[in-house]
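Coordinate inspection notes
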Amino acid sequence: MVTIKEYIAPKTIEEAYELLIARKNNLILGGCGFIKIGSRNINTAIDLCNLSLDYIVENEEEILIGADTTLRQLEINNIIKNHCGGAISQGVSYIVGVQFRNMARVGASVFSRYGFSDLLPSLLVLDAKVRLYKGGVMDLKDFLEKKYEKDILLEVILPKKDGIAVYDCLRKSSGDLPIINGAMFKGNNCEYVIAIGSRPQRAKLAEKSMEALEYGASIDKVADMVVDELHFGTNMRGSREYREEMCKVLIKRMHDKVGGYHDR
Ligand SMILES: Cc1cc2nc3c(=O)[nH]c(=O)nc-3n(C[C@H](O)[C@H](O)[C@H](O)COP(=O)(O)OP(=O)(O)OC[C@H]3O[C@@H](n4cnc5c(N)ncnc54)[C@H](O)[C@@H]3O)c2cc1C
């Protein structure tokens, strides 16, 4: 059961941050999908609803996604659907069901850095950055490697890119967590970006393998390289060996979907 002693919806981000760091068991509320399945005593629950962080907007160089945006908005918003083939919309569409996606927030989903995330692989291959209140702007890939520190994720920044990205995953049944997932981006100059998640560790770029693909290595060779480059493990959803084999399948599938067969 979750108990909340005090609920506050601050009017400024400064106030929200001061409240967050004031006590160990003060915390930010997203859509509460994850918070409510646990058991904890929350001293002050901080709701970001008054901070106007619910937006998806674009300018010439970037797309900005506010932390209070729901996963469903990411799924159906035309800016996101049209960005590099819609890999982000595609990825989040696998998460639980529409009602759930109407509630779960982008800020919570990215800040929590879940290993099973269906959002992080697509964000990674699209070179996303995060804006944190205290930590400032940083590449998502660096944020994912960083030690946990109390902070507030304000927005996700997507630089505009020319190319196509796809998301793919393997799950035992719809609505379940993925056994393995990933995303691949192919730029207009045949540059590739590959991220694999649910290993079961969080999504990571396969930097050496994507460089090899760019320099003409065959996709069979690159699929083997990804398995050597990234670490895979075992949990209740799948063994390390199974994940490694399925990762190779995902890599080849995604390569075909981004039109990679033309390079062969
Ligand atoms: C049953 C279930 C199944 C799921 N299945 C999947 C799945 O298949 N694929 C997938 O990708 N995801 C899955 N998820 C995760 C889900 O997509 C959301 O990422 C998750 O629920 C967190 O979003 P929320 O808005 O519910 O956050 P909350 O539960 O409200 O918060 C989660 C954490 O994030 C912190 N937080 C919230 N907002 C911020 C912020 N702006 N800055 C810093 N910290 C913040 C909170 O303090 C809390 O610690 C699942 C979740 C549940 C409960």
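Residues numbered from 1 in each chain as written. Predicted model: local features only at pLDDT ≥ 70, side-chain atom pairs only at ≥ 80, totals over all residues. Heavy atoms only, no water.

1. Re the packing of helix 10 (residues 219-229) against helix 11 (residues 240-257)
It is the contact of helix 10 with helix 11, at a shortest axis distance of 9 Å, that shows an interaxial angle of 135°. In terms of orientation, helix 10 and helix 11 fall into the oblique class. Once helix 10 is placed against helix 11, the crossing between them reads as right-handed. The residues of helix 11 that touch helix 10, namely those facing I219, D220, A223, D224, V226 and V227, are E244, C247, K248, I251, K252 and H255. (Axes fitted to C-alpha atoms, helices over the stretch in contact; angles between N-to-C directions. Helix = DSSP H or I, 4+ residues; strand = E, 2+ residues; numbered from the N terminus. Parallel < 35°, antiparallel > 145°, perpendicular 65-115°, else oblique. Left-handed = near helix turned anticlockwise from the far one by under 90°. Contact = heavy atoms within 4.5 Å.)

2. Concerning the site of the ligand
Taken together, 33 residues are adjacent to the ligand, and I28, G31, G33, S109 and D118 come closest. I28 is positioned such that a nitrogen or oxygen atom in its backbone is 2.6 Å from an oxygen atom of the ligand. D118 has a polar side-chain atom sitting 2.6 Å from a nitrogen atom of the ligand. For the ligand, whose unbound accessible area comes to 970 Å², protein coverage reaches 88%. Counting only elements with at least two residues in the shell around the ligand, the list comes to strand 2 (27-29) and helix 6 (106-111). (Near = heavy atom within 4 Å. Polar contact = N/O pair within 3.5 Å; in protein donor to acceptor, adjacent residues only side chain to side chain. Areas by Shrake-Rupley, 256 points an atom, 1.4 Å probe, with all protein chains shown as cover.)

3. Overview of the UniProt feature "domain: FAD-binding PCMH-type" (unreviewed entry) in the protein chain
Mapped onto this numbering, the UniProt entry gives "domain: FAD-binding PCMH-type" (unreviewed entry) at residues 1-163. Annotated as residues 1-163, this span is 29% helix and 26% strand, and its ends, taken at the C-alpha atoms, are 46 Å apart. (UniProt positions renumbered as here; feature names shortened; annotations may be inferred.)

4. Notes on the side chain of K248
On the secondary structure map, K248 appears in helix 11. Once residues within four sequence positions are removed from consideration, K248 is found in contact with A223, D224 and V227.

5. Comments concerning the pairing of strand 11 (residues 192-197)
Counting buried residues in strand 11 gives 6 out of 6 residues, a clear majority hidden from the surface. Of the two faces of strand 11, the one holding Y192, I194 and I196 and the one holding V193, A195 and G197 are both buried throughout. As paired elements, strand 11 and strand 12 (residues 204-205) share 2 bridges and run antiparallel to each other. The residue bridging A195 from the neighbouring strand is L205, located in strand 12. In this structure, the hairpin formed by strand 11 and strand 12 is closed by a connection of 6 residues, where S198 is found at a positive phi of approximately 55°. (Buried < 20%, exposed > 50% of the residue type's maximum accessible area, 1.4 Å probe, protein only. Pairing = 2+ DSSP bridges.)

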